[in-house]
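Examining the three-dimensional arrangement
Each chain is listed here by its residues.
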Amino acid sequence: MDASALALRARRLERLRSTPGSGVAAKTSTPDPAGPALGTRRSMSGRPQRRAEVLAKALGGRLIGGSNGRLVEVERSGSLALSRPPLARLPDPVQPERPLVLLDTETTGLGTAAGTLPFLCGLGSWEGERFSVRQLVLPDHADEPALLERLAEAIPVDAWLVTYNGRSFDWPLLVSRFRLHGFAAPAHGGHLDLLPLARQLWRHRLADARLSTVESGVAGVRRLGDLPGAAIPERYFRYLRTGQGWLLADVVRHNRQDVASLARLLRVLAQALGGDSASAVDGTMHPGDLCGLGRAYVRRGRLEEALDCFDAAVTGARSILAADPWTVPLHERLAMDRARVLARLDRRMEAVAAWAALAEEGGRLSGLAWIQVAKYREHDERDPVGALEAASRAAREATRRSALGLPLPWVERDLERRAPRLRRLIHSLSAGSPAA
Amino acid sequence: MFYLEVVMRLYTPLDTRQALDRLLDDPVIAGAVTARRTLAGRPADMVPFPDWLQPRLRKALVGRGLTGLYRHQADAMEALRAGRDVAVVTPTASGKSLCYHLPVLQSVMEDPAARALYLFPTKALSQDQLAEIRDLARRADLPLEAAVYDGDTPAPIRSSIRSAGQIVVTNPDMLHGAILPYHTKWFQLFEQLRYIVIDEAHTYRGVFGSHVANVLRRLARVCAHYGSTPRIVCCSATIGNPRQLAEALTGRSIQVLDRNGAPSGEKHIVVLRPPLLDERSGVRAGSSGLARRAALSFLRAGRQTIVFGRSRVAVELLLSGLREALRDGRGPFERVQGYRGGYLPSERRRIEAGLRSGEVLGVVSTNALELGIDIGRLDVAVLSGYPGTIAGTWQQIGRAGRRQEVSAAVLVAGAGPVDQYVASHPEHLFEGTPEEARIDPDNLHVLLAHLRAATFELPFASGERFGLAPADDLLAFLAEDGHVRQAQDRRWYWASENFPASEISLRVAAPENVVIIDTGGERPRVLGEVDLFSARTLVHENAIYLHGSRQFHVDRLDWEERKAYVRPIDVEHYTQAELAVTLKPLETFDEAPLAGGTRAHGEVMVASLATIYKKLRLETNENLGWGRIHLPEIELHTTAYWLSLEPKVASDWTRTELDVALVGAGRVMQTVASILLMSDPRDLGMVAQIRSPHAERPVIYLYEAVPGGVGMAVRLFQRHGELVEGARQLVASCPCEDGCPACTGPRGETGGNGRILAERLLRLLHGDGEMGSRAA
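Cut-offs used in this document
- Residues numbered from 1 in each chain as written.
- Chains lettered and ligands numbered in written order.
- Predicted model: local features only at pLDDT ≥ 70, side-chain atom pairs only at ≥ 80, totals over all residues.
- Heavy atoms only, no water.
- Salt bridge = Lys/Arg side-chain N within 4 Å of Asp/Glu carboxyl O.
- Helix = DSSP H or I, 4+ residues; strand = E, 2+ residues; numbered from the N terminus.
- Buried < 20%, exposed > 50% of the residue type's maximum accessible area, 1.4 Å probe, protein only.
- Pairing = 2+ DSSP bridges.
- Axes fitted to C-alpha atoms, helices over the stretch in contact; angles between N-to-C directions.
- Contact = heavy atoms within 4.5 Å.
- Domains from an automatic or database assignment.
- Phe/Tyr/Trp six-rings, centres within 6.5 Å; stacked < 30°, edge-to-face > 60°.
- Lys NZ or Arg CZ within 6 Å of the ring centre and 35° of its normal.

**As for the pattern of salt bridges**
Residue and element names in this part refer to chain B. Under the definition given, this model contains 65 salt bridges over all chains. Arg-293 is the partner of Asp-26 in a salt bridge, and the nearest nitrogen-oxygen pair spans 2.6 Å. Taken as a pair, Asp-26 in the loop between α2 (16–25) and α3 (27–30) and Arg-293 in helix α13 (residues 288–300) lie far apart in primary sequence, 267 residues in all. Assessed through its relative accessible area of 4%, Asp-26 is described here as buried. Among the salt bridges present, the one from Arg-556 reaches Asp-558, with a minimum N-O distance of 3.9 Å. Of the residues examined, Arg-556 reaches a relative accessible area of 42% and is grouped as partly exposed.

**Side note on the sheet that holds strand β7 (residues 160–163) of chain A**
Residues and elements named next belong to chain A. The seven strands are arranged β2-β3-β6-β5-β4-β7-β8 in an open sheet whose pairing can be described as mixed. Bordering the open sheet on either side are β2 (62–66) and β8 (190–193), each of which pairs with just one other strand. The average undirected angle you get between the axes of adjacent strands in this sheet is 25 degrees. Helix α3 (residues 144–154) contacts β2, β3 (69–79), β4 (100–107), β5 (118–127) and β6 (130–137) of the sheet and is inclined by roughly 20 degrees relative to β5. Of the strands in this sheet, β7 and β8 touch helix α5 (residues 194–202), which is tilted by about 40 degrees from β8.

**A word on the domain arrangement of chain A**
Entries for chain A in the domain assignment read domain 1 (48–272) and domain 2 (347–430). Using C-alpha coordinates to define each centre, domain 1 of chain A is positioned 53 Å away from domain 2 of chain A.

**Concerning the packing of aromatic side chains**
In this structure the tally under the stated criterion is 15 aromatic pairs over all chains. Arranged with centres 5.8 Å apart and planes meeting at 85 degrees, the rings of B:Phe460 and B:Phe466 form a pair that is edge-to-face. Since its relative accessible area comes to 2%, B:Phe466 is described here as buried. Taken together, the aromatic side chains of B:Tyr182, B:Phe456, B:Trp494 and B:Phe499 make up a single cluster linked through ring pairs. In this structure, A:Arg51 packs its charged tip against the face of A:Tyr239, placed 5.0 Å from the ring centre.

**As for the side chain of B:His425**
By the element assignment, B:His425 lies in the loop between α17 (417–424) and α18 (426–430). Apart from the residues within four sequence positions on either side, B:His425 is in contact with B:Gln729, B:Leu730 and B:Ser733.

What follows is the structure, given as structure tokens:
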């Protein structure tokens, strides 16, 4: 491109400037009401050193400099005791002797595409009872290699990461940043993502599974004047444009609270898992939480622990009422889960007793439970008559539910085949082939 | 006539030559012939397999019955091996795909870490070529991870394609929106990328091509970041400027390989022009009657025939007409099938297989079959309507013609001006250079949009080029609204929450688009987008919008929300909107004198207001009614080519005469310009001013209908001579008396002497002395 072509390009840009909407515009359209962002044209004043210093001062942090950029490190600590051994009993166990690194990032967007920048990494760790949060803050785009290098140093190779949604967001994003700068992400020993666990344990009694909801509902934390997450990217862009470090103070506080919440949730989990006592679970836990924990164990195939949870929850569950007539009450769900686990553990007698108890109760799951009883009587006890009796109880239950407007389609479908088969079986037996 | 009917009903198997002769004996056909040519056949130009070809690959080729390579295939292998980037330019079905499959497989055999990226403009082509390369790999006992990565790829296998796919087959839209912005997840591909294959490169023209060129610029940046320097293989149908297009698309120096080694049989081509329905008005019959008659004759002779229609409706009408006629004579009507966009993939596959096996005798298709889908080769191609370009015509004609046998093609011109021009100037088709595919990757609107996406992907170093020049001036411009930021290291970084790739559709020019929503299905779905400027003429309320040769009726256009709600419809008319346009030149880039005035090109501001639309019958352009359009005025910055007359030259014309002459001449030039530039006639707008407020003289403007233009205006400026001469000839040779839709416009609109006045003006512009003296 020669000089005249470049000059032409400049004139075209100038014309574009004077027409909002990039060339095609309805005549009536007005410029973006927000206008160009404040401070857009403010120069960077050519003093990058100063920029990082201002930020460090505004955040009460210290300046870390290296050959590949500078960053601000903010560190706060306090006392927050955590008993680690119970963490080994989590459905996804954490090896308690490993250093725990609690990690949460603040970013310029929600995606993990190449243009999303994690500009703040909060790292929580324990030294004895002392819990400290170290935050790495990026003063400028250009400093990212320094931040990544510092981050890599802060994660020991045997570290166990603890995050909230970090498995699908924070960590892949960081991996992608390391890749972008041409090196591999730091190795680590394991990764506990608390989001799925929180969903399993606590979602049933909370409005959603966001960290702020969970921490207030479970750990009793209430944040005052917290910066909403959605406002964070724009706050950082404003800081980038203006260089005013105080803009990030709210973001740093928000992130520190997120990391501290991770620590508190870990503590709640440790207590739930029996604290220092040898017993697996804490019987004082909410029965719904126990039910969720039990199910999490079932998913990992850890049936004994699951059973402990269900056993511990049974008593309390009866006092929990279902929200509406369409929801299966907690104690019935628990009884069902418990019976299933017993069957998988091959404790057949106990399993059928559990099904029978649920069946006799006449609740929402009674029909389903009668079917299970029928199965057991037919196949284990070789008692087709008893089985048919159970099947007809199931049928009666289905009819009754149907009349109430709450039909049991699964039960009805099952009975369409089971009942006639049992009748045929009984008939052939009573017809008396002596060999049978 | 009775005798003829009896003859026509005979189902005697005839060879293609005999069938053609019989057709030409039909007086109705004979009277419509405007040209007849025979192209001699030629043998294959074969080259032995190169000795460095991997033995297993050689085995695979031998297994397919090959004894060597065609000249162009061998040329491609050698050039790529020598490290060149190439463009293979040979006709339809000449074995182009081996030109890239072989080098890619060779490189994977030499190093299993090697990767290749294939780009096809459509999903159907992707699937076809995937099957092809898997077959080759299987024959070569090569374990190969090759997969299509597009919108239909299931999420669970996406990550394995990212990490392990040796050949990734995708399209430019997917590369743009789903691969490049996530390049860190594709690092294995980008680190080891050896080949980029760009097939059907001639389809990347106009706005789409300008976008694709920028996507490829972004791809090149990402490759450079990961340290790979892949070779590029472009494949293109025959066009006028293959090297220029390939170089503009890729930004590399390209070696063109066009020594076609594929054999071909003798080919007979006939051009037909339907008869005049009304001599005075110049209205002609549409193309479908003659097309059906010709196709029927070949089908009855048992020749495998493909019929191309220009729209979905045309295809359906032709198909039902053919089937009915064959059924009447107890003919093989069930062996004639339709094929067009909107058919299910499985249905298409079945028809393609039927064509290859011979079970399907005839197929009626839209240009969905134009792109290299493998249907084997047929005996006869019948084109109902001129496909719009020389290159496209040869592609459709190329569907007929088995290696050694005689084939035939019949082109039936439609009623429109371009069709009529081709019918009366068949030399344009046979001797003319195929059209050029124009793109302008440096269209400022397109360039800025992709620069945003590129900055999102990787920061720009100060002084780094994007395209032809360092991008700093543009980045500084983007920084003004805060989306881009220059950091302390002087590099430019993305500084916004937005995802810029999602703001760009490769198919339209401007960032602000109207989304077209199809409400006809079970749930509404997005059909496509049009830019704001075109939206008013394409998707105004009650417009018939064509998409993938399907018709949609626009029920509602929500201008504020930028949404058009449409539903599928089958009607026999289309709509044409009229714009009241005012035009103001902003900058003249170049200017030259001509007889009686000057010609120029430059940047203009076009303000336009959509006023009314007309309903026109599909085949004949007959006017069926009109309606009003209520939409705001829009301004468009674009490029234009214009002719201005010396005021004294036209001093003895009345104002009305001058107006009629300018409009008539402008219309003809618009027609010829779209023929010259291989463009949709709608890509160019025309404004005629008796006394331009700017130049204070009569001016005819031809402006590009997309913001910033794609370089058509400058080409018209350069090819001015051909343009005016073509326009003059078109009018001179038009058989109408005083203006018709095929030349200066219908008589009703231009008064009785529109044609004469336009002709006089064009002769004057052409530099014929006679008019000059009269003016003096």
